[in-house]
Amino acid sequence: VAVVDTGILPDHPDISSKLLPGYDFISDSWMADDGDGRDADPTDAGDAVDAEVCGQGSEARESSWHGSHVSGIIGASTDNGSGVAGVAPDSKIVPVRALGRCGGSGTDILDAMTWASGGSVKGVPDNANPAQIVNLSLGGVGICPSYYQKVIDDMVDRGSIVVAAAGNEDQDVSIVSPGGCDNVITVGASNENGARSYYSNHGTKVEVSAPGGDSEVDNGIISLSQPSDPSSPPYAFQMGTSQATPHVAGTIALLRAIKPSLATEEATTLLQSTSTPLSNCDRDSCGTGIINATAAVDELAEQGADPGPDPNPSPGTDSTWTKRHGPGVCRSGDSDCRY
């Protein structure tokens, strides 16, 4: 599972054994806060900023360690007597750094998505572990641009299932990206009462919901972090569709372990048909319900073993797209790059 995000805390004891080589796609050294531009080190250097730095009216904030929090939900070590348990305990994580201080540029994010799925990016060594699933707990306001849709379509053509956060603006997901794009599994957030989280975007493009937390009724989702106090456990609560999305990515990892050829459409149908209805969806649509990982795994297992790839496939074409892109939907100054 590739996590396109703020990078990773590589020495965190609950995830270090699960990491495959990743890449840092942040080209601006100030935004990266690691002294250079793109390189093969996806370590999260932090994204803390002072007030007004990311635009007029922007608030000061401490480092989020967002990529590690998301990665832990997917694949934190399990049955190790400490910390948290990942949804897919045998999964491997490819950390792909595209967000830093004040968010990320569209070019960096799109190149990161391309690389994560096995596409070629000029000046960057190819990914030796193309992701079967790509988690996008990021986004910004704006109808899905054609170049963004093109990247996603190429990712799917290469065999990746793309899972995207619906967003946290309590608005229709059709006007945000990548959650509003086609060919992705878009995830809304639910709270511990089984209702839509008050902030979660909604609409017909939301396929399913998953636990994301809700400050009105719960503390959110606990996962990996780096505490400001070194004596504190390296975990923290966060909430958002960012946290809901890796629950779905992890569930799809379980499903692909049963059926490696599982594609986006079949995965979506399976997740939806086995989901649990929300106790309350107070908007027009919140997807079919909250994912039920056990039910989805059981349903797929009952269908029988994966027959494997076609031994005589018909010729295809390489859909690799290496073009550089213009301004994107997640720019410096955007406050919603990390959902």
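Our subject is the structure listed above.
Residue numbers here run from 1 along each chain, matching the order of that chain's written sequence. With pLDDT at 70 or above as the cut-off, local features in this predicted model cover only qualifying residues; side-chain atom pairs require 80 or more to be listed or tallied, and sums for whole chains, interfaces and linings still use all residues. Calculation of side-chain values draws on the structure's entire complement of heavy atoms; hydrogens and water are dropped beforehand.

1. Overview of the pairing of strand β6 (residues 161-165)
Stated formally: Only protein chains enter the calculation, and the probe is 1.4 Å; a residue is then buried if its accessible area is under 20% of its type maximum, exposed if over 50%, and partly exposed in between. What counts as a helix is a DSSP run of H or I of at least four residues, what counts as a strand is a run of E of at least two, and both are numbered from the N terminus. In this scheme, strands are said to pair when DSSP sees at least two bridges between them.
Of all five residues in β6, five are buried, a share of seventy percent or more. Burial along β6 is two-sided: the residues Ile161, Val163 and Ala165 and Val162 and Ala164 are all buried. With four bridges connecting them, strand β4 (residues 133-136) and β6 associate as parallel partners. What sits directly across from Val134, in β6, is Val162. Relative to strand β8 (residues 185-190), β6 is paired through three bridges, and the arrangement is parallel. When the bridges of β8 are listed, Val163 appears paired with Ile185.

2. Section: the environment of Asp214
Test applied: Between N or O atoms, a polar contact is any pair within 3.5 Å; within protein, one atom must be a potential hydrogen donor and the other a potential acceptor, and residues adjacent in sequence are included only when both atoms are from side chains.
Structurally, Asp214 can be placed in the loop between β9 (208-211) and β10 (221-224). Considering only alpha carbons, one finds Asp214 and Asn193, 21 residues apart in sequence, at a separation of 9.5 Å. A polar contact is formed between the side chain of Asp214 and the side chain of Asn191, at a distance of 3.2 Å.

3. Some words on the environment of Thr264
Put simply, the test is: Residue contacts are defined here by distance: any two heavy atoms, one from each residue, within 4.5 Å place the two residues in contact.
Position of Thr264 among the secondary structure elements: in helix α6 (residues 264-273). For Thr264, a relative accessible area of 10% gives the class buried. Considered as a pair, Thr264 and Val156 are 108 residues apart in the sequence and their alpha carbons are 7.7 Å apart. Ignoring anything within four residues of it in the chain, the contact list for Thr264 reads Val156, Ser160, Ile161, Asn183 and Ile185.

4. Overview of the sheet that holds β8
Our working definition: An axis is simply a line fitted to the C-alpha atoms; with a helix, the fit covers only the stretch in contact. Between two such axes, the angle follows the N-to-C directions and lies from 0 to 180 degrees.
Spatially, the seven strands line up as an open sheet ordered β2-β3-β1-β4-β6-β8-β9, and their pairing is parallel. The two strands at the open ends of the sheet, each matched to only one other strand, are β2 (23-24) and β9. Relative to strand β3 (residues 94-97), strand β1 (residues 2-5) runs parallel, the two sharing four bridges. Residue Asp5 lies in a different strand from β3, and its bridge partner there is Arg97. Here helix α2 (residues 66-75) sits on the sheet and contacts β1 and β4; the angle it forms with β1, its principal contact strand, is near 155 degrees. Of the strands in this sheet, β6, β8 and β9 touch α6, which is tilted by about 25 degrees from β8.

5. Quick look at the packing of aromatic side chains
Quick note on the threshold: Within 6.5 Å between ring centres, the rings of Phe, Tyr and Trp (the latter by its six-membered ring) count as paired, and their orientation is classed by plane angle as stacked under 30 degrees, edge-to-face over 60, tilted in between.
This model, assessed by the stated rule, comprises four aromatic pairs. Aromatic side chains Tyr23 and Trp115 sit 5.8 Å apart centroid to centroid with 45 degrees between the ring planes, which places their arrangement in the tilted category. Placement of Tyr23 in strand β2 and of Trp115 in helix α3 (residues 106-116) is noted, with a sequence separation of 92 residues between them. Comparing Tyr23 with Trp115 shows no difference in burial state: the two are buried. Taken together through their ring pairs, the aromatic side chains of Tyr23, Phe25 and Trp115 make up a single cluster.

6. Here's the deal with the pattern of salt bridges
Worth spelling out the cut-off: By definition, a salt bridge exists where a carboxyl oxygen of Asp or Glu is found within 4 Å of a side-chain nitrogen of Lys or Arg.
If you walk through the whole model with that rule in mind, you get twelve salt bridges. One salt-bridge network, held together by shared partners, links Asp170, Arg196, Asp282 and Arg283.

7. Remarks on helix α5 (residues 241-258)
The cut-off we apply is this: Expected helix span is taken as 1.5 Å per residue step, with the number of steps being one fewer than the number of residues.
Given a rise of 1.5 Å per residue, 18 residues ought to cover 26 Å, and the 26 Å separating the end C-alpha atoms of α5 matches this to within 8%. In terms of burial, α5 is a largely internal element, 15 of the 18 residues being buried.

8. Here we look at the environment of Ala293
Turning to its location among the elements, Ala293 is positioned in helix α7 (residues 293-302). Looking at Ala293, the relative accessible area reads 24%, which means it is partly exposed. Taking the C-alpha atoms as reference points, Ala293 and Ile252, separated by 41 residues in sequence, lie 8.6 Å from one another.

9. Some details on the state of the cysteines
Applicable threshold: Disulfides are defined as cysteine sulfur pairs within 2.5 Å.
Applying the stated criterion across every chain, the model contains three disulfides. Covalent S-S linkage joins Cys54 and Cys102, the inter-sulfur distance amounting to 1.9 Å. Classification of the bridge connecting Cys54 and Cys102 rests on its S-S torsion, roughly -85 degrees, and on that basis the disulfide is left-handed. In this pair, Cys54 is assigned in the loop between α1 (29-32) and α2 and Cys102 in the loop between β3 and α3, connecting sequence segments 48 residues apart. Considered together, Cys54 and Cys102 belong to a single accessibility category, that of buried residues. The disulfide bridge from Cys281 ends at Cys286, spanning 2.0 Å between sulfur atoms. Handedness of the Cys281-Cys286 disulfide follows from its S-S torsion of about 85 degrees: it is right-handed.

10. Points about the nonpolar core
The cut-off we apply is this: Only buried Ala, Val, Leu, Ile, Met, Phe, Trp, Tyr and Cys residues count toward a nonpolar core, and they belong to the same one when joined by side-chain atoms within 4.5 Å.
Val163, Val248, Ile252 and Leu271 are the most contacted members of the largest nonpolar core, which totals 33 residues. Apart from the residues lying within four places of it in its own chain, the contact partners of Ile252 are Ile133, Ile161, Val163, Ile185 and Leu271. Of all hydrophobic cores here, the second largest spans 30 residues; its members include Val96, Val134, Leu136 and Val162.

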